[in-house]
Each structure stands twice: as structure tokens, then as C-alpha cells.
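Spelled out, the chains give:
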Amino acid sequence: MKKISLLLMVAGLALLSYGFFQYVKAERAQQASLAEAHSLLDKGKNDSLINNGKKDLHPENHTAFLPSLGETVGILSIPKINAELPIVEGTDPEELEKGVGHYKGTAYPMENDQIVLSGHRDTVFRRMGEVEVGDIFIVELPYGQFRYQMESSKIVDAEDRSVIVSTAPKEVLTITTCYPFSYVGNAPERYIITAVPID
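Residues numbered from 1 in each chain as written. Predicted model: local features only at pLDDT ≥ 70, side-chain atom pairs only at ≥ 80, totals over all residues. Heavy atoms only, no water.

Caption draft 1: Looking closely at the environment of Val124. As for its position among the elements, Val124 is in the loop between strand 4 (114-118) and strand 5 (136-141). Separated by 28 residues in sequence, Val124 and Leu96 have C-alpha atoms that sit 8.9 Å apart. (Helix = DSSP H or I, 4+ residues; strand = E, 2+ residues; numbered from the N terminus.)

Caption draft 2: Broad picture of the packing of aromatic side chains. Enumeration over the complete set of coordinates arrives at two aromatic pairs. With a centroid separation of 5.8 Å and an interplanar angle of 20°, the aromatic rings of Tyr179 and Tyr191 are classed as stacked. One end of the pair, Tyr179, is in strand 7 (residues 172-179); the other, Tyr191, is in strand 8 (residues 189-197), and 12 residues separate them in sequence. Tyr179 gets classed as partly exposed once you look at its relative accessible area, which sits at 22%. Residue Tyr191 is classed as buried on the basis of its relative accessible area of 9%. (Phe/Tyr/Trp six-rings, centres within 6.5 Å; stacked < 30°, edge-to-face > 60°. Buried < 20%, exposed > 50% of the residue type's maximum accessible area, 1.4 Å probe, protein only.)

Caption draft 3: Molecular detail of the pairing of strand 1 (residues 72-78). Of all seven residues that make up strand 1, seven are buried, and the element is covered over most of its length. Bridge count for strand 1 against strand 2 (residues 83-89) is six bridges, and the pairing is antiparallel. Of the residues in strand 2, the one forming a bridge with Thr72 is Val88. Hairpin geometry of strand 1 and strand 2 is characterised by an intervening segment of four residues between the two adjacent antiparallel strands and by a positive phi of about 55° at Asn82. (Pairing = 2+ DSSP bridges.)

Caption draft 4: Highlighting the pattern of salt bridges. One pass over the full model with this rule turns up four salt bridges. The salt bridge involving Lys80 is made with Glu132; its shortest N-O contact spans 3.1 Å. Note that Lys80 is positioned in the loop between strand 1 and strand 2 and Glu132 in the loop between strand 4 and strand 5, a separation of 52 residues in sequence. Lys80 gets classed as partly exposed once you look at its relative accessible area, which sits at 39%. Here Arg127 makes a salt bridge to Glu130, at a shortest N to O gap of 2.9 Å. (Salt bridge = Lys/Arg side-chain N within 4 Å of Asp/Glu carboxyl O.)

Caption draft 5: A look at unusual backbone geometry. Of note, the amide linkage connecting Ala168 to Pro169 takes the cis form, showing an omega dihedral of 5°. Among the structural elements, Pro169 can be located in the loop between strand 6 (144-157) and strand 7. Omega for the peptide link from Tyr179 to Pro180 comes to 0°, which places this bond in the cis form. Considering the arrangement of structural elements, one finds Pro180 in the loop between strand 7 and strand 8. Although it is not a glycine, Asn112 sits at a positive phi angle of roughly 50°. Among the structural elements, Asn112 can be located in the loop between strand 3 (100-102) and strand 4. Given a relative accessible area of 42%, Asn112 falls into the partly exposed group.

These results come straight from atomic positions and should not be treated as a statement about function.
Structural data, given as C-alpha cells:
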């Protein structure tokens, strides 16, 4: 009996250690991406000032913004929960480890269509349950800062892809994460936030 108890304790410690290692690894990756995003945005602002606003990535020329998979592209700020999160192109595990993933093939601000951002509920979006209708999301990219107000939320099945759909000509920000927030393992549902431009 003592051997079984000892074995269970060792297994538990191993799982805790692995979980802690994964958490630290994700935190470091996100901090590196956030630093990269700040550098990118600072460079964009400086270039815009130097060229008197005539830079290729100025708002009028947003179509020049074509990031590659895995590239850090900007910052998602959520004032309600005091969050500043790096946005990375793509939603595969490698990208989501670095921050909030932009679902490839969906729009970016000023493209008058659906913008989809996804993140893990246990890393970047761990406090997403505190966000309410009326709260603000700020997307900052090299070509500008864009504000959205939460309009609604809903819960769908984890495999439901019907939430990713063109909204043209209306611009809509859709934010997705796994649900329930406190679930251990692969969550059976997804939490979907819809927000609309306010500027």
C-alpha cells in the first residue's frame, strides 16, 4: 500500500512539474511575442512620422499588410481585464503558444469582413469570463489602432465552425476560446464573443 501511495505521489509531482514547465514555456513565448509586437508597432509609428503618413502600411494602404504564418502582427488590448496580448498570424498550436492567433483567411481591420482571433482559455484568455457586453477590445497593428465594443457572447460545440463566416460588407471582430473556462483537458465547447467597430 505504501508503494502505491508513493508511486501516486511521484506521478502527481511529475504531472505538476510538467504543467509548470508548460506554463513557464508559454509565458516566455508570449512575452517574447509581445516585445516583438511593441517593436513592430513602434517602428510603424516612427516610419509613419518620418514619411509624413505616406508609409505603405498607413490606414489608407492596409491591403499591403500580408503577414506570414507565425509572424507577430500586433497587440490585442482588453482594458476590462488589464490585458495586453500579442497577436500572431495563424491558429495552430505553435502560433497559439506565442499569443492570440489570427485565423488565417479571415480579415484584418478596414477590410469590411469578419476578423477572427483565437486563444487558449488557460493562457492568454484565462480571464475572458470577466468580459461583458459593452466592454472594449483594441486591436493595434502597424497601420493603425482599431476599437471594438462587445455586442454579444454565446457558447457553441467545440467542433462548430459555423461561427467563422463572411460578414461583408460589415466588419465584425469574433474572439473564440475553449469553454468551460475551468475545464481540465480538451474542453467540449467554445466561447464566442462578437464585437463591432466603434470608431
